[in-house]
Amino acid sequence: MLFGHHFAAISGAGPLIGPVLAAQFGFLPGLSWLVIGVCLGGAVQDFMILVASVRRGGRSLAEIAFEEVGPVAGVVAGIAILMIVVIALAGLGLVVVNALAESPWGTFTVGLTIPLALFMGLYMYRFRKGKIGEASAIGVVGLLAGVVAGGWIAESSWAATFTLTREQLIVCMGAYGFVASVLPVWMLLCPRDYLSSYLKIGTVAFLIVGVLLVHPDLHMPAFTPFVDGGGPVVPGKVFPFVFITIACGAISGFHALISSGTTPKMVEKETDCRTIGYGAMLMEGVVGVVALVAATALFPGDYFAINTLQKTEAQQARYAQMVEEHSSADFDLHPREIERLEQESGEKNLRGRTGGAVTLAIGIAKIFEAIPGFAGLMKYWYHFAIMFEALFILTTIDTGTRVGRFLLGEALGRTVKKDFARHDWLPGSLITSGVIVLAWGALISGGTISTLWPMFGVANQLLACVALCVATTILFNTGKGRYAWTTILPLSFISVTTLTAGWMSITGNFLVMTHDPARATQGWVDTILTGVLMFAAVIVLIASVRKWLGARLAA
């Protein structure tokens with residue numbers, strides 16, 4: 001049961017979206033990093049931090065850093081964690097916005113899950129207290145009914161009501177995040193996440209079976225011309241950008257917050273940490289590989305037609321130029337099935353739907369439709385996949401907003417007013433929730449997938465560097481320095497790739513934006529946030545190395 005809880009908590013949208021975006025470079029770079037990164041980096045980090053937190057009464061990563069590395073590292077880690085939570089919510093929220101914009105079917109289906117979760121919460125805790133099985137059955141049936149009803153809504157006079165613009169979706173998502181953060185956990189957040197776990201585990205299992213049955217051909221080559229840079233999805237070369245693009249699928253600093261949060265408080269015996277900490281990350285790697293298969297099974301022309309902006313005439317011209325310049329006999333960028341996919345999926349326009357969610361949904365729908373007996377249901381499979389992805393991400397939005405509220409409240413409680421640290425003080429809950437929502441909402445409003453996702457990847461990987469620094473320091477402090485190579489090896493690689501990617505993102509992407517009056521503000525925000533996070537990671541790294549050298553000299 002705890003393995004299932006931990007896997008559901010760490011497995012957000014990252015292992016789904018990251019590999020899809022990294023498919024720009026071909027299937028081999030992403031596949032290699034998913035396998036190597038998970039086994040030698042991600043699973044090691046999750047396991048080490050889980051064990052460390054279990055042995056310290058379930059303390060958080062920042063508290064462990066304060067105790068093991070030093071007060072400066074602890075304070076810096078706390079600030080970095082709060083910033084990373086906001087950036088992560090913005091990066092993941094943008095994916096939902098791009099997936100649901102101008103899609104009444106998807107908006108209705110995802111929106112239905114909110115009142116459904118509220119009803120489940122009241123049913124389990126008020127109407128039929130303790131009847132979890134009955135509430136689960138109602139929730140699962142309601143989810144499936146929502147997918148079907150969404151098709152009817154999209155073809156009725158109600159379609160205009162559920163056809164929302166990008167800005168309207170940002171407001172709606174912000175309102176949901178705020179309400180979910182303030183309401184009692186049992187009323188919305190807990191039943192919604194519980195409902196999402198059924199869809200998450202069931203769909204992933206079914207997708208794995210589907211891949212084994214259909215064994216789709218990978219139409220994307222092992223390497224594309226964009227490994228040298230200039231790609232429309234990820235602005236940069238395969239090194240180092242494939243590592244920050246894959247992000248959570250291979251190693252995720254966000255996991256260290258889960259491994260030092262609720263999970264260690266529920267571990268029955270320490271030997272279970274190997275299965276829970278290391279094993280759950282292996283399972284997340286499987287999810288990333290399957291998502292990569294679904295994306296690279298699309299024809300390159302269809303993949304890039306979906307993932308390249310084509311809203312304005314200038315964007316359309318750049319897309320047409322890219323197609324002509326990079327197309328070859330082995331890498332044809334002319335769309336091949338896009339019109340059929342639009343017709344059969346029920347979406348009026350799939351072109352320019354960046355963010356990875358639409359691409360993955362189409363890939364999943366194609367695999368499911370190819371299973372014997374499931375042909376002709378493309379539009380239902382597509383919108384089921386959209387709901388599946390959106391629920392993954394909204395689960396992170398509501399939980400992450402609440403975590404951010406607690407972190408900000410604790411900081412304000414130490415510096416402004418002690419009542420902010422009380423989770424039951426309503427004014428504090430409203431203020432801190434509002435600040436967190438406004439922060440990630442503003443980043444979404446001014447960002448694109450090519451600016452927000454690299455920043456999210458850098459932030460997430462830098463938090464992994466902090467976690468691995470803490471894990472290495474614990475090994476030295478406890479006299480087990482001979483095993484430190486297991487954490488120093490991934491730490492060295494992640495530090496180099498992430499700091500390099502951060503510097504290249506600042507100089508080659510974010511600062512360039514500052515020269516455009518329309519994007520100058522976003523460029524400066526991205527530059528400052530990324531620079532602060534890099535500086536924080538370097539401070540923790542230097543403090544950790546000093547601690548290691550001191551431990552070695554003392555030994």
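Everything below is about the structure shown above.
This one's a predicted model, so the numbers in the text were calculated from it and none came from an experiment. (Residues numbered from 1 in each chain as written. Predicted model: local features only at pLDDT ≥ 70, side-chain atom pairs only at ≥ 80, totals over all residues. Heavy atoms only, no water.)

Q: Mind laying out the overall build of the protein, listing which residues take part and the relevant values?
A: Along the protein, the regular secondary structure elements total 21 helices and zero strands. What you see for the protein is a C-alpha radius of gyration of 23 Å, in line with the 24 Å of a compact globule of 555 residues. Seen through its principal axes, the protein has C-alpha atoms that stretch 70 × 60 × 50 Å. Relative to its full complement of 555 residues, the protein shows a buried share of 57%. Taking as baseline every contact in the protein between residues at least 6 positions apart, the subset at least 24 positions apart corresponds to 82%. Taken as a whole, the protein presents about 22,400 Å² of accessible surface, with 67% of it coming from carbon and sulfur. (Helix = DSSP H or I, 4+ residues; strand = E, 2+ residues; numbered from the N terminus. Rg over C-alpha atoms; globule rule 2.2 N^0.38 Å. Buried < 20%, exposed > 50% of the residue type's maximum accessible area, 1.4 Å probe, protein only. Contact = heavy atoms within 4.5 Å. Areas by Shrake-Rupley, 256 points an atom, 1.4 Å probe, with all protein chains shown as cover.)

Q: So what's going on with the environment of A291? Which residues, and what values?
A: By the secondary structure assignment, A291 is in helix α12 (residues 272-296). C-alpha of A291 to C-alpha of W158: the two residues are 133 residues apart in sequence and 33 Å apart in space.

Q: Before we move on, can you summarise the packing of helix α6 (residues 104-127) against helix α7 (residues 132-154) with the specific residues and values?
A: Relative orientation of the contacting elements α6 and α7 amounts to 160°, with a least axis distance of 9 Å. Our classification of the angle between α6 and α7 gives roughly antiparallel. In this structure, the crossing between α6 and α7 has a hand that is right-handed. When its residues are assigned to classes, the contact of α6 with α7 shows 17 nonpolar, eight polar and one charged. (Axes fitted to C-alpha atoms, helices over the stretch in contact; angles between N-to-C directions. Parallel < 35°, antiparallel > 145°, perpendicular 65-115°, else oblique. Left-handed = near helix turned anticlockwise from the far one by under 90°. Nonpolar A, V, L, I, M, F, W, Y, C, P; charged D, E, K, R; others polar.)

Q: Summarise a nonpolar patch on the surface; cite the residues concerned and give the values.
A: Taken together, the side chains of V35, I36, L40, W485 and L489 present a nonpolar region at the surface, about 540 Å² in accessible area. Mapped onto the nonpolar patch, the elements with two or more residues apiece are α3 (27-54) and α20 (485-513). Among the elements that line the nonpolar patch, the one with the most residues is α3, at three residues. Position of I36 relative to the elements: it lies in helix α3. Relative accessible area serves as the criterion here: at 47%, I36 is assigned to the partly exposed category. (Patch = residues over 30% accessible without salt bridge, like charges linked within 9 Å, V, L, I, M, F, W, Y side chains within 5 Å. Salt bridge = Lys/Arg side-chain N within 4 Å of Asp/Glu carboxyl O.)

Q: Just give me the short version of the nonpolar core, but keep the residues and values in it.
A: Judged by nonpolar contacts, the single largest core of 158 residues is most densely connected at L61, F304 and W440. With 21 residues, helix α5 (residues 71-100) is the single largest residue contributor to this core. Dropping the residues within four chain positions of it, F304 is found in contact with Q24, M220, F226, P232, V233, Y319, M322, F331 and L333. The next biggest cluster of nonpolar side chains, apart from the first, holds six residues, and it includes L2, L50, C273 and I276. (Core = buried A, V, L, I, M, F, W, Y, C linked by side-chain atoms within 4.5 Å.)

Q: Can you break down the packing of helix α13 (residues 300-307) against helix α16 (residues 357-370) residue by residue, with the values?
A: The contact between α13 and α16 brings their axes to 9 Å, and the two run at 145°. In the crossing of α13 with α16, the sense of the turn from one axis to the other is right-handed. Seen from α13, the contacting residues are Y303, I306 and N307; seen from α16, they are V358, T359 and I362. Split into classes, the residues belonging to the contact of α13 with α16 amount to four nonpolar, two polar and no charged.

Q: Please set out the side chain of T473 residue by residue, giving values where relevant.
A: Relative to the elements of secondary structure, T473 occurs in helix α19 (residues 449-477). Reaching out from T473, the side chain makes a polar contact with the backbone oxygen of C469 at a distance of 2.7 Å. In this structure the side chain of T473 is engaged in a polar contact, spanning 2.9 Å, whose partner is the side chain of W548. Not counting the four nearest positions on each side in its chain, T473 is found in contact with E68, V69, S544, K547 and W548. (Polar contact = N/O pair within 3.5 Å; in protein donor to acceptor, adjacent residues only side chain to side chain.)

Q: With reference to specific residues and values, describe the environment of G531.
A: Mapping G531 onto the fold places it in helix α21 (residues 520-554). A sequence separation of 32 residues divides G531 from L499, and the C-alpha atoms of the two residues are 9.7 Å apart.

Q: Break down the packing of aromatic side chains for me, citing the residues and quoting the values.
A: Inspection of the entire model under this criterion finds 16 aromatic pairs. Ring centres 6.4 Å apart and planes at 55° place the aromatic pair F119 and F127 in the tilted group. Taken together, W33, F239, F243 and F493 form an aromatic cluster joined through their ring pairs. (Phe/Tyr/Trp six-rings, centres within 6.5 Å; stacked < 30°, edge-to-face > 60°.)

Q: For α13, give the residues involved together with the corresponding values.
A: In terms of burial, α13 is largely enclosed, as eight of its eight residues are buried. Three or more residues of α13 are buried, namely P300, G301, D302, Y303, F304, A305, I306 and N307. Looking at the buried residues of α13, the elements they touch are α2 (14-22), α12, α14 (313-326), α15 (338-345) and α16.

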